[in-house]
Structures are given as structure tokens and as C-alpha cells.
Amino acid sequence: MMRRTFPRAHGLCLSLACLVVCPALGCGRRASVAVSQGDSAAPAPAQPEAPALQASRVERDGLSIAFALRPIERGRGAAAAAESTAAAAFADVVAEFTITDAKTGAPLGGLSPLGWMSRRDGDAGAADGLSGGAAASAAGAAPDEAGCRERIKRFMGGLLSARPEVDMNAYLLWTLNQDSTLSAINPQVALGRTKLRSIVSLAGPGVALALHPDRDTLYVSLRGGRGLAVVDTRRGFVRSNVPVGQDPARVAVAPDGRTVWVGNDGDGTVSVIDARSTDVMKTLQVGPGHHEITFTGGGRAAWITSQRGDAVTVVDVAALEPLGAIPVGEGAVSIAASDEAGVVYVANGARGEVVILDAARRAVAGRVALKPGLGALQFEPGGRFAFALNPAADEVAILDASTGAVAHALTGFAAPDAVTFTGAFAYVRNLGAGKISLIDRAGLGGPAAPPVVHVAVGQDAPAAAGRGPATGPSGLAAPIAPMPEGNGALIASPADKALYFYVEGMMAPIGTFSTYGREPSSILVEDRALKEVRKGVYATTVRLGAEGLYDVELLLDRPRAAVCLEATVAPARCAEGGDYADQGGCGEGPAPGIALSPLFEPDLQLAAGEPATLRFRATAKDTAAALDAKEMEIMIVRFPAGYRWSGAPRPEGDGIFSVAFTPPAPGQYRFLAAAPQRGVPFGALPFVPLRVSARGAGGGAPGGGAR
């Protein structure tokens, strides 16, 4: 019997039964899922010491509700932050609601607010489809209470035609697929409509991925000498491809978010990349074979295995200098660390042995003999128990770091190859069967084996997928993503080409999301929902839209209340001190913008399935600095709906850029360009039409800059 129920199983409710049972305002609960593998509910970056850039307050139904936009410090310091007077367009800021009792001033905790920001631009056309106060707001006037409720109702409906400029409840499901793509799936879109927000095309098949703590960037290692893809999660495109060593595989982001570590299995190195500039800071020689990476001391030391070497290399993360090499024997396939226990565990697959390392002394402290065939190894969040998975023996061994011995040896699995955790259970993926296995964590410390419940997930075993999941030597796939509420998970099924949503207490998944014909090998969740960072204070990081006056819509569930506040967004500008070089615009006042001129003929006709190179010239207006390819985004969409390609252009010098594009099918396409860092979002520049004919039907790529 499973002892856990699901009192807070509201996360994906918005996209499943809740949208059927309760129209619009009926759910009123925050929708969110886990931030990343093994990391549930990372706190929002609230910064109470930073001054408010914009503040608004209202009292309603005995509540005092204040809204503020606050700068993200990024090392500028409080003095520099104090010089900011307004939130700038296209900047990243902390959106913060403070909710207190209107009479006593006591903060009100435990709420689940939903928030949005919609631009009140005075465009009468924006009022189409609205009525009353909502239409007045869209036309430039503040909404009344009825209009506020109507606006919120439309936002909660998930319709693409009623999207706010800023959504403070958003979360996306990111899957790494076998066809060299990433899928971004929005489970909150209304039923009956596509939930696929975007497809990100990668330069090669993806091996492993990692999400930066700020949730703005995904890092994906690529096969075929394609390096590391740096993906902008907010805009859904590859910002750059960073050249690293041969055959990059494991990717790990340092706990402080400053560096990204990539294990290069083909040349015995690890590339350390500056997370902000994406420059390779150092290439470390760590030994041949596959590499796994973990961190100790709160991220001060990195520990790196070498499968065909015989030692674990320890590196000072700040200095990027080796601290030593610890002999563990050849064949290390995985590594896990526990700061709580002060140990690092290394699994030797062929020998079936776990080597225990003393993290402080950087020395071998013991060895635990298990069965040959070990794979993934991971500590549960408490740091006491380590789970050693053995796909060859169909077993899971649980080691107790307090004794250095095996606490439990569990059987009955089918090639277990991946594990993740919620507050109550360890979730084990079975590569050889269509099921997940839940191990009750409450029983780990007792003498008896903890209860294990097997839950059927999908029709086929993951191993039955067309090309099989990209598991790698120690399970590079991350097929399970926990929910932040701690009561369920999302499971990727490559064989079924689907994602399954499971809530603890159920004997089967309660929902399914399509992956639109793609085989997902890994899944993680980008969570941007409002979180309670201090009692009565709910915050999240958002990227603002264009300048102007905004309505800030807030929905509370207890007590039931719909409230509208205001915020003003100033013209884009560079932050003082140069620390926000990636923020929209430069200098004082409005962003200078760019001018774009296609270098191909206006009547250019392409052929479906045939690659073409589209060249264009892009220059910054006025006296702004020359454009860099990293500042630009290109999107090509099939009109009116369907295929969408996005990516960064290649620089060719003298202000000329190019993109390689292979249209998938005949039809009308639109070529769009943007430079958000210069305050030029998509739509600010006119699109360039492209016509695509069937192959051999007279289409082609004449001169004028396309080939």
C-alpha cells in the first residue's frame, strides 16, 4: 500500500481535468513543476535589499496587495542598484507581490497566487473580442473590477490569442529528442489546441542537457563534433554552439551558476565554460574514456571520473587548478557526492564495486563489493543514502553513508537505469519494462527493506524505442522530472513518444502529453511560477516587454480575489557599470534599433527539401556599436501556421549575416529578424516573404545572396 496521497496535485491540473471541470477561474492554483533533475522548487531570486523600480498598491477584501519590480543584482551592488529609477524594456527583473492583512499588516503566507502583466498601449485593435472594462483597458484605460476578472479569465483559458506580455505562472516541459531537436511543451494551453510552443533545431543529435539555475539557458552536448549548444529558453532558439573537445557527453553546471563543465569522452578532457560569455575558460586533462562530474563543498571542488583511466581528478572550481588525483581503479562509470556525509562515491561498473572517498582528505576511505554491471549512482536529497542501480542484475542497492555499508538490496526491477527523488519516494526508471518503481524513502533507515511499488507507465519498454534512449555509460538520459510540490513526476517514454504525468497515491498516470511524433530521451521542467520567498512575499524572475504602461493582474485562491495593479516600463537602456551588456538598448533613452536589408531577390523562390543560404545585412542605427551575431535571432515560419525554425545567424563580415535553411514543404514562409538586446523584438522589423515550391517544380535559388 502506498501511504502518500495527493492533497496538492494541482500543478498540471490546468492542462488536464481542471480546464474541463472548472472554466477559467475555477482552478485558481499555481501550476508548476520541478526546475531540473534532482532539484525541486529552487527559490525565486527575491532580493529585498534592492530598491523597487516600480511599485503599486491596492486594498481589496481586507487585503493589502503591493506589486514591485526589483533589479536583479548580478554583482552590481546595492549602490549601483539604487541608481536605477525605472524598470527598462526587455530587461530581466524580479516581479514581487507582497500580501498582508490590511488591518494588522501581518504577512499572509501559504497562498498560491497567479500573476500576469499586459501592456496597456492604447491600441483600439487590442480591444477586439473584449467587453466592458476589459475592452476599456485594452484601449488605454485602467480596467474596472469586472474587466480585471474578464482579463484573468481569458489568460487562464490558455488561448494563443489572449497571451499576456509577461506570464508569472509559466512553466515549460523541455524534452531532448532523438531527431536532433528540443521540444518546448506548454501544458497550460487549453485542451484541443497544440501544446507545442516551439521546436529548437540542434546542430546534431543531443547527448545530455543541463539547465542553468537562473532558468534562462539550457546546455546540450552534441554528437558529431558539434560542441555544446547554448539554448535561450525564453525565446526558444540556439544562442550559440560552443566548440569543446571531442565527443562531448556529460554536462554539469556549477552550483553557483558561473561555469559549465563538459566532459569530452573522445580526448580525455573537460571543458570549463564561462556561463555568461560562453567562452572556454580552460581545458583540463582528466584521463581517457567517459567522464562523470559532481561537486562538493557547496561547489568549491569538482570531482571528475575517467572510465578508461584509474583515478578521479579533483579540481579547485575558483582557480580551475587540479587539487589532486585519487586512484580508484579503471572502469568508473558514475559518481555522486554528499556534503552532509562528507563523502564521494564512485561506481565501478565492470567490477561491481563502489569506492568511498573522503572528501576532506581526498583519499579512499573504503570499498563496497556489489554485483558487476553497475550504472547510475545518486544520493537522495538528505545526503545519507546512495542508490546504486544495476541494469545488468535488475537490482538497486542502497548504501548508508553513516556506516559505509549496504543498507538494502532490492530486486524485481527490469534494467533500472535512472533515478530521481521527491520528498517521499525514489523514482526508478526501468529500461526493460513499461513501468516506474517507487521506493518509499521513509523506510530507508529501518532494518526491513523499504516498500517498492511498480506503476505501469506506457505501452512499451523504453528500450523498445526506434533507436533506444541515449543512456550512455552511466545513464546520460534524465527521463523523470519531479514536481516541485513533491507529490509526483513527469516521465518521458521514448517508445510511446509521450510524456506521462503521475501523482503519488495513484496506481497509474493521470495524464499524457504528446511529444508530436518525437522520441524523448530526457525531460526537465523550466519553472517560472511565483513562489513564496518570504512569508507573504511571492516573487519570480521575468523578462519585461516593450516600454509603456502595464496592467498587473493577480488572482488569489484564499480568499478568492481578482485584483489589477499597474506598472510602468521605461525605454530600453544599458545598466550602469556595463554589467548588463545583454540588456536591451544602449545609452540613455530609447534603444537605437537596427536596419535590416535582405541580400536576396524579393521574388526568390526556394524548393522544398533543398538547402539554401539566406544572406542579409543588419546594421545598428545612429552611433550604436556594430551588431554581433549573438545579439540577433532569426525565425522562419510557415504562414499562417505550422512549421517554425529559429536560430542565430552566422557572421560573414562587414555587417553581413547568413542562415542556412532547408524548407520542409511547399508553401508561404516569412523571414523575421530580431535583436532583443537592442530593444528590437520580433515584429518590430518588417518580415520578408519566402515562397517555397515543390522540388523540381521550377523553384530554385537564384543569385542575390541565396544559394
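Bear in mind that the values here come from a model prediction, so they are computed numbers and not experimental data.

## What about the environment of Asp-628?
Looking at where Asp-628 falls in the secondary structure, it is placed in the loop between strand 45 (612–620) and strand 46 (633–639). Residues Asp-628 and Arg-650 lie 22 residues apart in sequence; the distance between their C-alpha atoms is 9.5 Å. A polar contact is formed between the side chain of Asp-628 and the backbone nitrogen of Lys-630, at a distance of 2.8 Å.

## Re the packing of aromatic side chains
For the coordinates displayed, the defined rule picks out 9 aromatic pairs. With 4.8 Å between their ring centres and 45° between their planes, Phe-67 and Phe-97 make a pair best called tilted. Of this pair, Phe-67 sits in strand 2 (residues 63–71) while Phe-97 sits in strand 4 (residues 92–101); the two residues are 30 residues apart in sequence, bridging distant segments of the chain. Given a relative accessible area of 0%, Phe-97 falls into the buried group. When the ring of Trp-261 is compared with that of Phe-295, the centres are 5.8 Å apart and the planes differ by 80°; the resulting orientation is edge-to-face. Placement of Trp-261 in strand 15 (residues 259–264) and of Phe-295 in strand 18 (residues 293–296) is noted, with a sequence separation of 34 residues between them. Taken together through their ring pairs, the aromatic side chains of Phe-616, Phe-657 and Phe-671 make up a single cluster. In this arrangement the basic side chain of Arg-670 is found over the ring face of Phe-687, its NZ or CZ atom lying 3.9 Å from the centre.

## Topic: the sheet that holds strand 19 (residues 301–304)
Pairing in this open sheet of 4 strands is antiparallel, and the strands run 18-19-20-21 from one edge to the other. Whereas interior strands pair on both sides, the edge strands pair on one side only; in this sheet they are strand 18 and strand 21 (321–327). Going across the sheet, the axis of each strand differs from the next one's by a mean of 25°, ignoring polarity. Inspection of the sheet shows strand 18 paired to strand 19 by 4 bridges, in the antiparallel sense. Bridge pairing links Thr-294 to Trp-303 in strand 19.

## Quick look at the sheet that holds strand 41 (residues 548–556)
One open sheet accounts for 5 strands, arranged 3-42-41-5-6; its pairing is mixed. Each having just a single partner strand, strand 3 (87–88) and strand 6 (166–167) make up the two edges of the open sheet. One ladder, built from 2 bridges, connects strand 5 (residues 114–119) with strand 6; its direction is antiparallel. Paired with Met-117 across the strands is Val-166, a residue of strand 6. The strands touched by helix 4 (residues 145–156) are strand 5, strand 41 and strand 42 (561–570); relative to strand 41, the strand with the most contacts, the crossing angle is about 80°.

## Notes on empty space enclosed by the protein
Across all of its chains, the model carries 3 cavities of 30 Å³ or more by this definition. One number sums up the size of the largest cavity: a volume of about 70 Å³. If you trace the largest cavity, you find it lined by Arg-429, Asn-430, Ala-433, Gly-434, Lys-435, Ile-436, Val-457, Asp-460, Pro-462, Ile-491, Ala-492 and Ser-493. Looking at the lining of the largest cavity, the elements with two or more residues in it are strand 31 (425–430), strand 32 (435–440) and strand 35 (488–493). Of the residues assigned to the lining of the largest cavity, the class counts are 6 nonpolar, 3 polar and 3 charged.

## Remarks on the pairing of strand 25 (residues 363–369)
Bridge count for strand 24 (residues 353–358) against strand 25 is 6 bridges, and the pairing is antiparallel. Looking across to strand 25, one finds that Ile-356 is bridged to Gly-366. Here strand 24 folds back onto strand 25, and the loop between the two strands holds 4 residues, one of which, Arg-362, carries a positive phi near 50°.

## Brief notes about the nonpolar core
In terms of nonpolar packing, the biggest core is built from 29 residues, with Ile-65, Phe-67, Leu-69, Phe-97, Met-117 and Met-168 touching the most fellow members. The set of elements that each furnish at least two residues to this core consists of strand 2, strand 4, strand 40 (537–543), strand 41 and strand 42. Broken down by element, this core gets its largest block of residues, 5 residues, from strand 42. Core analysis: the second largest hydrophobic core is formed by 27 residues, Ile-594, Met-632, Ile-634 and Leu-685 among them.

## Some remarks on the pattern of salt bridges
Overall, the coordinates contain 21 salt bridges when judged by the stated rule. Where Asp-400 meets Arg-384, a salt bridge forms, and the shortest distance between an N and an O atom there is 2.8 Å. Residue Asp-400 is found in strand 28 (residues 395–400), and its partner Arg-384 is found in the loop between strand 26 (377–379) and strand 27 (385–390); the two are separated by 16 residues along the sequence. Of the residues examined, Asp-400 reaches a relative accessible area of 6% and is grouped as buried.

Conventions adopted
- Residues numbered from 1 in each chain as written.
- Predicted model: local features only at pLDDT ≥ 70, side-chain atom pairs only at ≥ 80, totals over all residues.
- Heavy atoms only, no water.
- Helix = DSSP H or I, 4+ residues; strand = E, 2+ residues; numbered from the N terminus.
- Polar contact = N/O pair within 3.5 Å; in protein donor to acceptor, adjacent residues only side chain to side chain.
- Phe/Tyr/Trp six-rings, centres within 6.5 Å; stacked < 30°, edge-to-face > 60°.
- Buried < 20%, exposed > 50% of the residue type's maximum accessible area, 1.4 Å probe, protein only.
- Lys NZ or Arg CZ within 6 Å of the ring centre and 35° of its normal.
- Pairing = 2+ DSSP bridges.
- Axes fitted to C-alpha atoms, helices over the stretch in contact; angles between N-to-C directions.
- Contact = heavy atoms within 4.5 Å.
- 1 Å grid on protein atoms, 1.4 Å probe; cavity = no way out; pocket = protein on both sides within 12 Å on 5 of 7 lines; lining within 4 Å.
- Points joined across faces, edges and corners; volume = space filled by probe spheres on them.
- Nonpolar A, V, L, I, M, F, W, Y, C, P; charged D, E, K, R; others polar.
- Core = buried A, V, L, I, M, F, W, Y, C linked by side-chain atoms within 4.5 Å.
- Salt bridge = Lys/Arg side-chain N within 4 Å of Asp/Glu carboxyl O.

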